[in-house]
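Okay, here's what each chain looks like letter by letter:
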Amino acid sequence: MTRVFSGIQPSGDLHLGNQLGALVNWVGMQERADCVYCVVDLHAMTSPAEHDPATLRQRTVDAATTLLAVGVDPERSILFVQSHVHEHAECTWLFNCIAGFGELRKQPQFKDKSEGQESVSVGLFDYPVLQTSDILLYHADEVPVGEDQRHHIELARDLGQRFNHRFGEVFTLPKAIHPQAAARVMDLQEPTNKMSKSTSSEKGVVYLLDDPTRIAKKIKSAVTDSATDIRYDRDAKPGVSNLLEILAAATGRSIEDLAAEHDGHGYGAFKTAVAEAVVELLRPIQQRHAELAADPAEVARLLDDGAHRARTIAADTLQRAKDAMGLLPRGAA
Ligand code: AMP
Ligand code: TRP
């Protein structure tokens, strides 16, 4: 069966963009693949300015709980926290010794994040090598990610190939997949920007755990335009188009149908319909989240079980890599 691996950073509360852009696919892929999903807490430490220990710990639990709540099924898939499987860090050292300084320095995400910064951690520089370890330790065939991760997956392929060539076949070469998103969700206040955790105003972002009143308030104050027609046109009508796309994803209906149905009835009624649909979409997720949050011991147990299963795979791969590189096996002489 195809092995899928993906990771998400516990770097902020998950929002509607994450859900409709990525997590629905994570959940859907469980039907056809053997999925391994990871809360990548070690990656979330790479920007010292954003690293607060208590927050990291809380966000790690929240991210894992939310993944369970949206439908990552620990019976069918492996869900775990990256730092619980120390093989990731250890494997990173092995890849550090075959990765080139020059190829890492050229990584677009590193260039973006380090530009103009006075100090940058070695961890940030090494970020894509840790990501390589995440993926290659599990022999992942497919890595579902956003377009912005393409270079990281290419690096994982390159390093895996270089390793196999120099030391013998140990790693499977992964490929990035960009499954069709249910929606590309834009910020409600600035509908030409992606809905994002690094927004200037919380009002533009619907968090998965926002209560129904807050969801309705955010959607009703979404920026639209001064006309009254409801039609899909990302350039001329970014606000209305964004709401149509959200409504389509939340109800499973087509954008054309929805535009035809709502056109002529005004933005107020349209926004009410979008708000109701989003509230209904998130209701079962919030319910499941509340149940899990009320039982932290159960979440801990699920994550422990996930780490155990992940480790069985990762430890085997790492041992083969160490042997291939000539590290003396314990107990041998
Ligand atoms: P991030 O939290 O930005 O690292 O994103 C985690 C995942 O959610 C990635 O696969 C992104 O492509 C996806 N994602 C984030 N924001 C949006 C958005 N506004 N619309 C669609 N997908 C998104
Ligand atoms: N870098 C990814 C992101 O920011 C998160 C990530 C870490 C990841 N390790 C991974 C994604 C392995 C896929 C596979 O979105």
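Because the structure is a prediction, the values reported are computed rather than measured.

1. Topic: the pairing of strand β2 (residues 34–39)
Along a regular strand, successive side chains alternate from one face of the sheet to the other.
Argument step 1. Most of β2 sits inside the fold, with five of its six residues counted as buried.
Argument step 2. Inspection of the sheet shows strand β1 (residues 3–8) paired to β2 by six bridges, in the parallel sense. If you follow valine 4 over to β2, its bridge partner there is cysteine 35.
Argument step 3. Sheet analysis places β2 next to strand β3 (residues 78–81), joined by four bridges and oriented parallel. Opposite tyrosine 37, over in β3, you have leucine 79 as the bridge partner.
Argument step 4. Handedness of the crossover is the feature at issue here: the chain leaves β2, passes through helix α2 (residues 53–70), returns alongside β3, and the resulting connection is right-handed.

2. A word on the site of ligand 1
Argument step 1. Within the structure, ligand 1 sits among 13 residues, and Gly17, Asn18, Val185, Met195 and Lys197 are positioned closest to it.
Argument step 2. Between ligand 1 and glycine 17 there is a distance of 3.1 Å, counted from a nitrogen atom to a backbone nitrogen or oxygen.
Argument step 3. Across the complex, the protein chains shield 75% of the 480 Å² of accessible surface that ligand 1 would expose by itself.
Argument step 4. Residue composition of the shell around ligand 1, by class: five nonpolar, five polar and three charged.

3. As for the domain arrangement of the protein chain
Argument step 1. Looking at the assigned domains, one finds that the protein chain contains domain 1 (3–182 + 296–325) and domain 2 (202–290).
Argument step 2. Domain 1 and domain 2 are separated by 32 Å when their C-alpha centres are compared.
Argument step 3. The partner domain 2 presents 13 residues to the 13 residues of domain 1 that form the contact.
Argument step 4. When domain 1 packs against domain 2, the two sides together hide about 1,100 Å² of surface, and 77% of this comes from carbon and sulfur.
Argument step 5. At the surface where domain 1 touches domain 2, the tally comes to zero salt bridges.
Argument step 6. Those elements giving two or more residues to the side of domain 1 that touches domain 2 turn out to be α1 (16–29) and α2.
Argument step 7. Top element by residues in the side of domain 1 that touches domain 2 is α2. It accounts for six residues.
Argument step 8. Residues belonging to the side of domain 1 that touches domain 2 are distributed by class as follows: seven nonpolar, four polar and two charged.

4. Thoughts on helix α10 (residues 255–262)
Argument step 1. When α10 is considered as a whole, its buried residues turn out to be Ile255, Leu258, Ala259 and His262. Taken end-on, α10 shows its buried residues confined to a sector of 100°, consistent with a single buried face. The exposed residues of α10 that point more than 90 degrees off its buried face are Glu256 and Ala260.
Argument step 2. At its buried positions, α10 is contacted by α9 (238–251) and α11 (266–293).
Argument step 3. Phi turns positive, to about 95°, at glycine 264, one or two residues after α10.

5. Concerning the packing of α9 against α11
In helix packing, the relevant descriptors are the interaxial angle and the interaxial distance, both defined with respect to the helix axes.
Argument step 1. Packing of α9 against α11 brings their axes to within 9 Å, and their N-to-C directions diverge by 40°. The angle between α9 and α11 places the two elements in the oblique class. Handedness of the crossing formed by α9 with α11: left-handed. Residues Val240, Leu243, Leu244, Ile246, Leu247, Ala250 and Thr251 of α9 touch α11, and the partners they reach there are Tyr267, Phe270, Lys271, Ala273, Val274, Ala277, Val278 and Leu281.
Argument step 2. Here the residues of the contact of α9 with α11 sort into 13 nonpolar, one polar and one charged.

6. As for the site of ligand 2
Argument step 1. Near ligand 2, the surroundings consist of 13 residues, among which His43, Tyr127, Gln131, Asp134 and Gln149 are the closest.
Argument step 2. Residue aspartate 134 places a side-chain N or O atom 2.7 Å away from a nitrogen atom belonging to ligand 2.
Argument step 3. Within the side chain of glutamine 149, an N or O atom sits 2.9 Å from a nitrogen atom of ligand 2.
Argument step 4. Across the complex, the protein chains shield 88% of the 370 Å² of accessible surface that ligand 2 would expose by itself.
Argument step 5. Mapped by element, the contributors of at least two residues to the shell around ligand 2 are β1 and α6 (122–137).
Argument step 6. Examining the composition of the shell around ligand 2, we find that four residues originate from one element, α6, more than from any other.

7. Examining the pattern of salt bridges
Argument step 1. Inspection of every chain in the model, using the stated rule, returns 21 salt bridges.
Argument step 2. Residue aspartate 73 is joined to arginine 76 by a salt bridge in which the shortest nitrogen-to-oxygen separation is 3.3 Å.
Argument step 3. Close ionic contact of glutamate 103 with arginine 162 constitutes a salt bridge, the shortest N to O distance being 2.7 Å. Residue glutamate 103 is found in helix α4 (residues 101–105), and its partner arginine 162 is found in helix α7 (residues 150–167); the two are separated by 59 residues along the sequence.
Argument step 4. By relative accessible area, which is 27% here, arginine 162 ends up partly exposed.
Argument step 5. Put simply, Asp225, Asp229, Arg231, Asp233 and Lys237 are held in one network by salt bridges that share partners.

The rules we used
- Residues numbered from 1 in each chain as written.
- Chains lettered and ligands numbered in written order.
- Predicted model: local features only at pLDDT ≥ 70, side-chain atom pairs only at ≥ 80, totals over all residues.
- Heavy atoms only, no water.
- Buried < 20%, exposed > 50% of the residue type's maximum accessible area, 1.4 Å probe, protein only.
- Helix = DSSP H or I, 4+ residues; strand = E, 2+ residues; numbered from the N terminus.
- Pairing = 2+ DSSP bridges.
- Right-handed = clockwise from strand over helix to strand, strands pointing away.
- Near = heavy atom within 4 Å.
- Polar contact = N/O pair within 3.5 Å; in protein donor to acceptor, adjacent residues only side chain to side chain.
- Areas by Shrake-Rupley, 256 points an atom, 1.4 Å probe, with all protein chains shown as cover.
- Nonpolar A, V, L, I, M, F, W, Y, C, P; charged D, E, K, R; others polar.
- Domains from an automatic or database assignment.
- Contact = heavy atoms within 4.5 Å.
- Buried area = accessible area lost by both parts, 1.4 Å probe.
- Salt bridge = Lys/Arg side-chain N within 4 Å of Asp/Glu carboxyl O.
- Arc of directions from axis to C-beta.
- Axes fitted to C-alpha atoms, helices over the stretch in contact; angles between N-to-C directions.
- Parallel < 35°, antiparallel > 145°, perpendicular 65-115°, else oblique.
- Left-handed = near helix turned anticlockwise from the far one by under 90°.

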